[in-house]
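Per-entry structural report
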Amino acid sequence: MSATDIAKLPVMLSTLRLPTIARLWQDLGQRADREGWGTARFLAVLCEHEIHERHARRIARHLAEAALPPGKTFATFDFASVPTLRKAHVLALAQGDAWLDQGANILLFGPSGTGKTHLGAAIGVALVEQGHRVMFTRTTDLVQMLQAARRDLSLPAMLAKLDRFDCLILDDLGYVRKDQAETSVLFELIAERYERRSIIATCNQPFSEWNQIFPDPAMTVAAIDRLVHHATILELNTESYRRRKAAGSKATTSG
Ligand code: ADP
Ligand code: MG
């Protein structure tokens, strides 16, 4: 190899998108010389580093795009305070795979403050860490985006974009109100993803109150049918974690 070619090495590595090798090859090359690695081992070690960091960069990118609320992970979730949940079951769900492959759903029900958002986000983090793509959003925000897309005639493109996510986490689905106009876009999203792409939804209200969300009873029934058909329903019917914490800290300060 001529000296010119060696000088081009940084550019070539950048063209090939191998930033880790570009960063490490000199140091590792010296070590390889010192320790008498041989070319195959040297190359293998470089490749290993590149693959490892590429994986880490990918997860970091997917965590950023997922827009998950910070700090809401399993590490900070206290299962003991939600006796209606079986920890092993929830952790198995967070491993994804089978239900994600089927485009199945998880529905989290319970009163305000019982940990639905926290749990949905924690499952989301775990899925991203396993290499899945996730997007967390308040359902009302997403409905507004979908409505805007429909007005611009870009709804199909928007749905296609959302299709890249293995799982959408729709927080507070029950806050959507049909008087916001055209909440049928939410139905379209649910129908579009049915049996293909997963949804995790959190909701304060039981299904009996979902007629507040969709424009007409037939659409409400159709939406519930599609969401529930392949779904795990988790009920967090405890007392508000927030309220218990507040009561607990009051007890400590006064006592
Ligand atoms: P919801 O979405 O059901 O209204 P959140 O998930 O927002 O409730 O929970 C309210 C607050 O209490 C959040 O700060 C959340 O992190 C915390 N929280 C709720 N349940 C738990 C739990 N089991 N362990 C730890 N923190 C919890
Ligand atoms: Mg919530």
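This write-up is about the structure you can find in this document. The structure displayed is predicted, hence computed values, not measured ones.

Looking at the packing of aromatic side chains
Here the distance between the centres and the angle between the planes together describe a pair of aromatic rings. With the rule as written, the count across this model stands at five aromatic pairs. Aromatic pair Phe-74 and Phe-79: ring centres 6.0 Å apart, planes at 20 degrees, arrangement stacked. Neither Phe-74 nor Phe-79 differs from the other in exposure class; each is buried. Considering the side-chain rings of Phe-77 and Phe-79, the 5.0 Å spacing of their centres and the 75 degrees angle between planes classify their relative orientation as edge-to-face. The ring of Phe-165 has Arg-133 lying over it, and the distance from NZ or CZ to the ring centre is 5.4 Å. Positioned above the aromatic ring of Tyr-194, the side-chain terminus of Arg-226 is 5.9 Å from the ring centre.

Comments concerning the site of ligand 1
Around ligand 1 lies a shell of 16 residues, among which Asp-78, Gly-113, Lys-116, Thr-117 and His-118 are the nearest. Contact distances for ligand 1 include 2.7 Å between an oxygen atom and a backbone N or O atom of Gly-113. In the environment of ligand 1, an oxygen atom lies 2.6 Å from a nitrogen or oxygen atom belonging to the side chain of Lys-116. Against a free-state accessible area of 560 Å², the protein chains account for coverage of 85% of ligand 1. Cavity membership is defined here by more than half of the atoms lying within 2 Å of grid points; on that basis ligand 1 lies in the largest pocket. For the shell around ligand 1, the elements supplying multiple residues, two or more each, are α7 (116-129) and α12 (241-254). Looking at the shell around ligand 1, the element that brings in the most residues is α7, giving three residues. The residue makeup of the shell around ligand 1, split by class, is four nonpolar, eight polar and four charged.

Details of the layout of surface pockets
Taken as a whole, the largest pocket spans an internal volume of roughly 430 Å³. If you trace the largest pocket, you find 22 residues lining it, with Gly-113, Gly-115, Lys-116, His-118 and Arg-242 closest to the centre. Within the residue set of the lining of the largest pocket, elements represented by two or more residues are α7 and α12.

What about the side chain of Ser-81?
Counting through the fold element by element, Ser-81 comes out in the loop between α4 (39-66) and α5 (87-93). Polar contacts involving the side chain of Ser-81 include one to the main-chain carbonyl oxygen of Asp-78, which spans 3.0 Å. Leave out the neighbours within four places in its chain, and Ser-81 touches Thr-238, Tyr-241 and Arg-244.

Brief notes about helix α11 (residues 217-229)
Across its 13 residues, α11 extends 18 Å between first and last C-alpha, which sits within 8% of the 18 Å expected from 1.5 Å per residue. Among the residues of α11, those classed as buried are Met-219, Thr-220, Ala-222, Ala-223, Ile-224 and Leu-227. Looking at the buried positions of α11, the neighbouring elements they touch are β1 (105-109), α10 (184-193), β4 (198-203) and β5 (231-235). The opening residue of α11, the one whose side-chain oxygen lies 3.0 Å from the backbone nitrogen of Ala-218, is Asp-216.

Quick word on the nonpolar core
Leu-142, Leu-146, Leu-170, Leu-186, Leu-189, Trp-210 and Phe-214 are the most contacted members of the largest nonpolar core, which totals 32 residues. Listed by contribution, the elements that provide at least two residues to this core are β1, α8 (139-151), α9 (155-162), β3 (167-171), α10, β4 and α11. Aside from chain neighbours lying at most four places away, what touches Trp-210 is Phe-109, Leu-173, Cys-203, Gln-205, Thr-220, Ile-224 and Leu-227. Counting 31 residues, the second largest nonpolar core, distinct from the first, contains Leu-85, Ala-94, Val-125 and Val-134.

Considering unusual backbone geometry
In this structure, Ala-67 is a non-glycine residue whose phi angle is positive, near 55 degrees. With respect to the element layout, Ala-67 can be found in the loop between α4 and α5. The class for Ala-67 is partly exposed, based on a relative accessible area of 46%. Of note in the backbone geometry, Asp-172 takes a positive phi value of approximately 55 degrees without being a glycine. Using a relative accessible area of 15% as the deciding quantity, one classes Asp-172 as buried.

Calculation criteria
- Residues numbered from 1 in each chain as written.
- Chains lettered and ligands numbered in written order.
- Predicted model: local features only at pLDDT ≥ 70, side-chain atom pairs only at ≥ 80, totals over all residues.
- Heavy atoms only, no water.
- Phe/Tyr/Trp six-rings, centres within 6.5 Å; stacked < 30°, edge-to-face > 60°.
- Buried < 20%, exposed > 50% of the residue type's maximum accessible area, 1.4 Å probe, protein only.
- Lys NZ or Arg CZ within 6 Å of the ring centre and 35° of its normal.
- Near = heavy atom within 4 Å.
- Polar contact = N/O pair within 3.5 Å; in protein donor to acceptor, adjacent residues only side chain to side chain.
- Areas by Shrake-Rupley, 256 points an atom, 1.4 Å probe, with all protein chains shown as cover.
- 1 Å grid on protein atoms, 1.4 Å probe; cavity = no way out; pocket = protein on both sides within 12 Å on 5 of 7 lines; lining within 4 Å.
- Sits in = over half its atoms within 2 Å of the grid points.
- Helix = DSSP H or I, 4+ residues; strand = E, 2+ residues; numbered from the N terminus.
- Nonpolar A, V, L, I, M, F, W, Y, C, P; charged D, E, K, R; others polar.
- Points joined across faces, edges and corners; volume = space filled by probe spheres on them.
- Contact = heavy atoms within 4.5 Å.
- Expected span 1.5 Å × (residues − 1).
- Core = buried A, V, L, I, M, F, W, Y, C linked by side-chain atoms within 4.5 Å.

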